[in-house]
Amino acid sequence: MSTLPRRADVVVVGAGLAGLAAATRLSRRGLDVAVIEASDGVGGRARTDHVDGLLLDRGFQLLNPAYPEAARLLDLAALDLQPFEGGVVVAPGGRRSVLADPRRAPQHAIGALTAPGSLREKAAFAAWAVQVGFGRARRIKTAPDEPLSVSLHRRGLTGRLRRSVVEPFLAGVLAEDGQETSRRFVDLLIRSFVRGTPSLPAAGIGAMAEQLAAGLPADTVHLGTRAASVSGGSVTSDAGVVTASAVVVATDPRSAVALAGLPTVVMRGLTTFYHLADQAPTSSRMLHLDGDRRGPVLNTGVVSNVAPTYAGGRGALIASTVLGVRDDSQTEQAVRAQLRLVYGVDPRPWQLVAAYPLPDALPAMLPPLDLRRPVALRDGLFVAGDHRDTASIQGALVSGRRAADAVLAHLHRP
């Protein structure tokens, strides 16, 4: 590990996606940047563990190539994205139905008619997807905000399609099932789903941060270095003090609150269970939902069907997401019981390879949502993170760019 410098133009605290995005933009403008990271690797919440040949993302995460900032900043071709199929498998009762995007999976168009929900409700959902997917983003961002529950009711989503498909799907994406989330944020998410197919990088979700870090000048990132205090002109860490002309706090939200004196950020929790099976319970590359919600699982999928690299040739890797922090053995048994119903196979022989309880999986996006919270705090001190924009990879990357641009303006750099 390189020695921490005593002086840099800018110090970025945190080597997650937001911090690395800020450091990349500042370095490209010719500034000397030092990134300090408390953990042993880059990526923050978007990291991948390598365990006995398996790729285990720290929580089930997907990259949507339709995110504009990802397309600008990342080399998507080099990430070798492996797309999910455009739809979900819903398992109500003892049968399974497919609801799919007819543009991406036309073979499932007729089968969607038998999926949960009336034709009227399905038409209302399709109208929603078309309106936000192909309309102007500015209209989404400036329209009056309201909780998701109110928005769904207003759009005519009040029946079985909502209960069996929309609610469990969005609960897994938003990390909450009270439908309290901002309509603006959910509309932007639906827009991204319409415009792009969520995918897995072949080397794991952590490959995004590793790519960004590799593009920085040598000795920019300093791992295992914890910041104790920050100001606009210096960072005091357990490896010494670095003085700077500007400091960007790009840590996790809780640490950012403590370091920079921000208001408390409400966080949402999720737990992801990874099971390894000798054979895949399905050949599908779609997410699976339990239409009757007979257990804690919000969604589940055979990630190795999508990206075979995740299983390392050892069988099939299944990821299942549960709301909240629930990695105890009782919950894991309830997960297995529900997976039997969802997949129609016996999961008892499956090996539990990891459980990731994530109390701070996502910041809450509550209405009325400000999609561009300030990144300039006080003279020389800035903040970046998805809690300043939207709770997404897009939001993290955009916040890094915004913080970097604010630093450049502060330093009077072109």
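Residues numbered from 1 in each chain as written. Predicted model: local features only at pLDDT ≥ 70, side-chain atom pairs only at ≥ 80, totals over all residues. Heavy atoms only, no water.

Asks: Whenever I open this one, the overall build of the protein chain confuses me. Can you help?
Replies: Each helix and strand counted, the protein chain has 13 helices and 19 strands in total. Here the protein chain has a C-alpha radius of gyration of 22 Å; the compact-globule value for 414 residues is 22 Å, and the two agree. Each principal axis of the C-alpha distribution contributes one length, and for the protein chain these read about 65 × 50 × 35 Å. Per-residue burial for the protein chain yields a buried fraction of 57% across its 414 residues. Within the protein chain, residue pairs in contact and separated by at least 24 positions form 73% of the contacts whose partners lie at least 6 positions apart. (Helix = DSSP H or I, 4+ residues; strand = E, 2+ residues; numbered from the N terminus. Rg over C-alpha atoms; globule rule 2.2 N^0.38 Å. Buried < 20%, exposed > 50% of the residue type's maximum accessible area, 1.4 Å probe, protein only. Contact = heavy atoms within 4.5 Å.)

Asks: I'm lost on the side chain of glutamate 69 in this one. Help?
Replies: As for its position among the elements, glutamate 69 is in helix 2 (residues 68-73). Of the polar contacts made by the side chain of glutamate 69, one reaches the side chain of arginine 401; its length is 2.7 Å. When residues no more than four places from it in sequence are discounted, the contact partners of glutamate 69 are Leu74, Gln394, Leu397, Val398 and Arg401. (Polar contact = N/O pair within 3.5 Å; in protein donor to acceptor, adjacent residues only side chain to side chain.)

Asks: Just checking my understanding: could you explain the nonpolar core for this structure?
Replies: Grouped burial of nonpolar side chains is what soluble globular proteins tend to show. Counting residues in each nonpolar core, the largest one holds 96 residues, and the members touching the most others are Leu17, Leu63, Leu74, Met208, Val248 and Leu397. The leading source of residues in this core is helix 13 (residues 393-410), at eight residues. With sequence-adjacent residues up to four places away left out, leucine 63 is seen in contact with Ala70, Leu74, Leu76, Leu79, Leu81, Thr197, Pro198, Ser199, Ile205, Met208 and Ile393. (Core = buried A, V, L, I, M, F, W, Y, C linked by side-chain atoms within 4.5 Å.)

Asks: Is there a simple way to think about helix 12 (residues 329-343) in this case?
Replies: In an α-helix, one turn spans 3.6 residues; hence positions three or four apart end up facing the same way. Here helix 12 contains 15 residues, and its C-alpha end-to-end distance of 21 Å stays within 8% of the 21 Å for a straight helix at 1.5 Å per residue. Every buried residue of helix 12 is accounted for by Thr331, Glu332, Val335, Arg336, Gln338, Leu339, Val342 and Tyr343. Packed against the buried residues of helix 12 are strand 13 (267-277), strand 14 (287-289), strand 15 (297-302), strand 16 (316-323) and strand 17 (351-363). With a side-chain oxygen lying 3.2 Å from the backbone nitrogen of glutamine 330, the N-terminal cap of helix 12 falls on aspartate 328. Directly after helix 12, the chain includes glycine 344, whose backbone phi takes a positive value near 75°. (Expected span 1.5 Å × (residues − 1).)

Asks: Hey, could you run me through the packing of aromatic side chains in this one?
Replies: For any pair of aromatic rings, the description rests on two quantities: the centre-to-centre distance and the angle between the ring planes. What the rule picks out here adds up to five aromatic pairs. Between phenylalanine 125 and tryptophan 128, the aromatic rings sit 5.7 Å apart at their centres with planes inclined by 90°, giving edge-to-face as the arrangement. Taken together, the residues span about one helical turn, with phenylalanine 125 and tryptophan 128 both in helix 4 (residues 119-134) at a distance of three residues. Taking 6.0 Å as the distance between ring centres and 90° as the angle between the ring planes, the aromatic pair formed by tyrosine 274 and tyrosine 356 counts as edge-to-face. Pair noted here: tyrosine 274 is in strand 13 and tyrosine 356 is in strand 17, with a separation of 82 residues, a long-range link. Exposure remark for tyrosine 356: the relative accessible area of 13% places this residue in the buried category. (Phe/Tyr/Trp six-rings, centres within 6.5 Å; stacked < 30°, edge-to-face > 60°.)

Asks: Honestly, the side chain of serine 164 in this entry has me stumped. Any pointers?
Replies: Note on placement: serine 164 falls in helix 7 (residues 160-174). With sequence-adjacent residues up to four places away left out, serine 164 is seen in contact with Val90, Pro116, Leu289, Asp290 and Gly291.

Asks: Just checking my understanding: could you explain a positive patch on the surface for this structure?
Replies: Together, Arg136, Arg138, Arg139 and Lys141 make up a positively charged patch on the protein surface. With respect to the helices and strands, the residue arginine 138 is situated in helix 5 (residues 137-142). For arginine 138, a relative accessible area of 58% corresponds to the exposed category. (Patch = residues over 30% accessible without salt bridge, like charges linked within 9 Å, V, L, I, M, F, W, Y side chains within 5 Å. Areas by Shrake-Rupley, 256 points an atom, 1.4 Å probe, with all protein chains shown as cover. Salt bridge = Lys/Arg side-chain N within 4 Å of Asp/Glu carboxyl O. Lys, Arg positive; Asp, Glu negative; His and termini not counted. Charge placed at Lys NZ, Arg CZ, Asp CG, Glu CD.)

Asks: Which parts of the structure should I look at to understand a nonpolar patch on the surface?
Replies: A cluster of nonpolar side chains, contributed by Ile110, Leu113 and Leu119, occupies part of the molecular surface with about 360 Å² of accessible area. Along the chain, leucine 119 falls in helix 4.

Asks: Can you help me understand unusual backbone geometry in this one?
Replies: Where the residue is not glycine, phi is negative for most of them; where a peptide bond is considered, it is trans in most cases. Note the cis peptide between proline 367 and proline 368, where omega equals -5°. With respect to the helices and strands, the residue proline 368 is situated in the loop between strand 17 and strand 18 (376-378). In the Ramachandran plot, aspartate 52 falls in the positive-phi region, its phi being about 50° despite a non-glycine side chain. By the element assignment, aspartate 52 lies in the loop between strand 3 (48-51) and strand 4 (54-57). You will see that glutamine 179, though not glycine, has its phi angle at about 55°, which is positive. Counting through the fold element by element, glutamine 179 comes out in the loop between helix 7 and helix 8 (183-195).

Asks: Before we go on, may I ask you to explain the packing of helix 4 against helix 8 in this structure?
Replies: To characterise two packed helices, one gives the angle between the axes of the helices and the distance between these axes. Packing of helix 4 against helix 8 leaves a shortest axis separation of 8 Å and a crossing angle of 90°. Put simply, helix 4 runs roughly perpendicular to helix 8. In contact with Trp128, Ala129, Val132, Gly133 and Phe134 of helix 4, helix 8 contributes Val186, Asp187, Ile190, Arg191, Val194 and Arg195. Class assignment for the residues of the contact of helix 4 with helix 8 results in seven nonpolar, one polar and three charged. (Axes fitted to C-alpha atoms, helices over the stretch in contact; angles between N-to-C directions. Parallel < 35°, antiparallel > 145°, perpendicular 65-115°, else oblique. Nonpolar A, V, L, I, M, F, W, Y, C, P; charged D, E, K, R; others polar.)

Asks: Explanation requested: the packing of helix 1 (residues 17-28) against helix 13 in the structure shown.
Replies: Following both chains from N to C, one finds helix 1 and helix 13 inclined at 40°, their axes separated by 7 Å at the closest point. The angle between helix 1 and helix 13 places the two elements in the oblique class. Crossing handedness for the pair helix 1 and helix 13: right-handed. The residues of helix 13 that touch helix 1, namely those facing Leu17, Ala18, Ala21, Ala22, Arg25 and Leu26, are Ile393, Ala396, Leu397, Ser399, Gly400, Arg401, Ala404, Asp405, Val407 and Leu408. Per-class residue counts for the contact of helix 1 with helix 13 are 11 nonpolar, two polar and three charged. (Left-handed = near helix turned anticlockwise from the far one by under 90°.)

Asks: Looking at this model, I keep getting lost on the environment of asparagine 64. Mind explaining?
Replies: Position of asparagine 64 relative to the elements: it lies in the loop between strand 4 and helix 2. With a relative accessible area of 3%, asparagine 64 lands in the buried category. Placed 329 residues apart in sequence, asparagine 64 and isoleucine 393 show a C-alpha to C-alpha distance of 8.5 Å. Setting aside anything within four residues of it in sequence, one finds asparagine 64 in contact with Ser192, Phe193, Gly196, Thr197 and Pro198. From its side chain, asparagine 64 meets the backbone oxygen of serine 192 in a polar contact 2.9 Å long.

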